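# Descriptive structure summary
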Amino acid sequence: MAAHEVLTRADATRTLDAISPRLYKLRSWLHLHQFGVPTLRGIVVDGWSREEEQAVRDFGDSMGTGELLLRSDRVAEMGKYPRGGSIVSLAELPGVVVGHIRDGRVVFLLEPVSPFSDLYSVNSASWPSDEFIIHEIVGPGFDASDLKRGDDSPHERYVLTKSRYGPIPPQRLEHYVIGSDAYRSSWMRRAAKVGQMLLDGGFRPASVGASLQEVAAEGLSAMDEVLLLEHRDSYRAVPCQLIESVHDQVMDLRQRLQGGGLPGEPFALSMSYVGPGARPVYWDIVWPRFKYEGDTAISR
């Protein structure tokens, strides 16, 4: 497979025809493009020839940046797959991409949205036997992996009946908001995770023996990525209009999946609101029975 640039719905359709039907995470991102759901533009590669390297560099140049967001997928994905969502410079990409390809992975490189700029991230789950949809949220400075990987518990949770917002909105069956003490503990876990991410990425703090939380504070300040640091003590509840938008998107997706001959419920939809303008970015659709082939556990 040559490199496939994905900017439009037509690009997504062509790429779907070229890749394995068992690359579920990658295919779900492409289906989001097909459905017109807000997601990131990208380029898909499963090799690293001179032509593919040039295609990636051209794509990076077209984004006006010297770095890209790295994600990957693999046929017969297993539980201990490498974390994606890291920003990689174009200079470092060859070594990183080749390592993934040697492990049998297909790489998709996206617009470089920082994992430290998420205002809110939401995981939404819809099950056929239920008359409701569950939305779990983490707040400013956290990211979608905190929910998807089970790195932390939700800061907020909505359970809403299966109807779109309109003259008669869905019924709210449950609404949970984390307390201050639990949030501060969650913040400490997130800061430690960020500190380790920064160390793994080559950041070296000024103080020898600094805690991971101190590394996070120093590194995020140096990068002017201070969203997490600004929300240390208490959780700011998600604005209602953001949850309304996600809920309607899940309702629409239920119909689109059925109409498109794709697996329907149960599924989970992962997204983030990114940056000061709360840009919606949908990451992927997870069908529990396809999460790990050969793994009987149903896990998001």
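Higher on the page you've got the structure.
The structure reproduced in this document is the subject of the present report. These figures come from a predicted structure and were not determined experimentally.

### Remarks on the sheet that holds strand E11 (residues 279–286)
If you trace the six strands from one edge of the open sheet to the other, you get E9-E8-E7-E6-E10-E11, paired in antiparallel fashion. Only two strands of the sheet have a single partner each, and these edge strands are strand E9 (172–177) and E11. Neighbour-to-neighbour, the strand axes of this sheet turn through a mean angle of 15°, independent of strand direction.

### Some details on unusual backbone geometry
Cis geometry is found at the peptide bond from Glu265 to Pro266, where omega equals 0°. For Pro266, the location among the structural elements is in the loop between helix H8 (240–259) and strand E10 (267–274). Phi at Asp224 takes a positive value of approximately 55°, unusual for a residue other than glycine. The topology assignment puts Asp224 in the loop between helix H7 (212–222) and H8. At Ala278, a position not held by glycine, the phi torsion is positive, near 55°. Among the structural elements, Ala278 can be located in the loop between E10 and E11.

### Remarks on the packing of aromatic side chains
Within the structure shown, the criterion is met by four aromatic pairs. On the basis of an interplanar angle of 45° and a centroid distance of 6.2 Å, the ring pair of Tyr183 and Tyr235 is categorised as tilted. With Tyr183 in helix H6 (residues 180–200) and Tyr235 in the loop between H7 and H8, the pair connects residues that are 52 residues apart, well separated along the chain. Relative accessible area serves as the criterion here: at 1%, Tyr183 is assigned to the buried category. Among the residues examined, Tyr235 registers a relative accessible area of 12% and is labelled buried. Three or more aromatic residues link up through ring pairs in this structure, and these residues are Tyr120, Phe142, Tyr183 and Tyr235.

### Brief notes about the nonpolar core
In a soluble, globular protein the nonpolar side chains are often hidden away together inside. Ranked by size, the top nonpolar core spans 43 residues in total, and within it Tyr120, Ile137, Val238, Phe267, Leu269 and Ile285 carry the most contacts. Here this core gets seven residues from one element, more than from any other, and that element is H8. Here Ile285 is in contact with Ser28, Leu32, Leu253, Leu257, Phe267, Ala268 and Leu269, once residues within four sequence places are set aside. Formed by 19 residues, the second largest nonpolar core is a distinct cluster that contains Leu69, Val106, Phe108 and Leu110.

### Topic: the sheet that holds strand E2 (residues 42–45)
Taken in spatial order, the five strands line up as E1-E2-E5-E3-E4 in an open sheet, and their pairing is antiparallel. On the outer flanks of this sheet lie strand E1 (4–6) and strand E4 (86–89), each paired with one strand and no other. Pairs of neighbouring strands in the sheet enclose a mean axial angle of 30°, with direction left out of account. The sheet contacts of helix H3 (residues 50–62) involve E1, E2, strand E3 (67–73) and strand E5 (106–110), and relative to E2 the element is tilted by about 170°.

### Brief notes about the pairing of E11
The side chains of a regular strand alternate, first on one face of the sheet and then on the other. Most of E11 sits out of view: six of its eight residues are buried. Relative to E11, E10 runs antiparallel, the two being bridged by seven bridges. The partner of Met271 across the bridge, within E11, is Tyr282. Once E10 ends, the chain turns through four residues before running back antiparallel as E11, passing Gly275 with a positive phi of about 75°.

### A word on H8
For H8, which comprises 20 residues, the first-to-last C-alpha distance of 29 Å matches the rise-based estimate of 28 Å (1.5 Å per residue) to within 8%. Burial in H8 covers these residues: Leu242, Ile243, Val246, His247, Asp248, Gln249, Val250, Met251, Leu253, Arg254 and Leu257. On its buried face, H8 sits against helix H2 (24–35), strand E6 (118–126), strand E7 (132–138), strand E8 (156–161), E10 and E11.

Definitions and cut-offs
- Residues numbered from 1 in each chain as written.
- Predicted model: local features only at pLDDT ≥ 70, side-chain atom pairs only at ≥ 80, totals over all residues.
- Heavy atoms only, no water.
- Pairing = 2+ DSSP bridges.
- Helix = DSSP H or I, 4+ residues; strand = E, 2+ residues; numbered from the N terminus.
- Axes fitted to C-alpha atoms, helices over the stretch in contact; angles between N-to-C directions.
- Phe/Tyr/Trp six-rings, centres within 6.5 Å; stacked < 30°, edge-to-face > 60°.
- Buried < 20%, exposed > 50% of the residue type's maximum accessible area, 1.4 Å probe, protein only.
- Core = buried A, V, L, I, M, F, W, Y, C linked by side-chain atoms within 4.5 Å.
- Contact = heavy atoms within 4.5 Å.
- Expected span 1.5 Å × (residues − 1).

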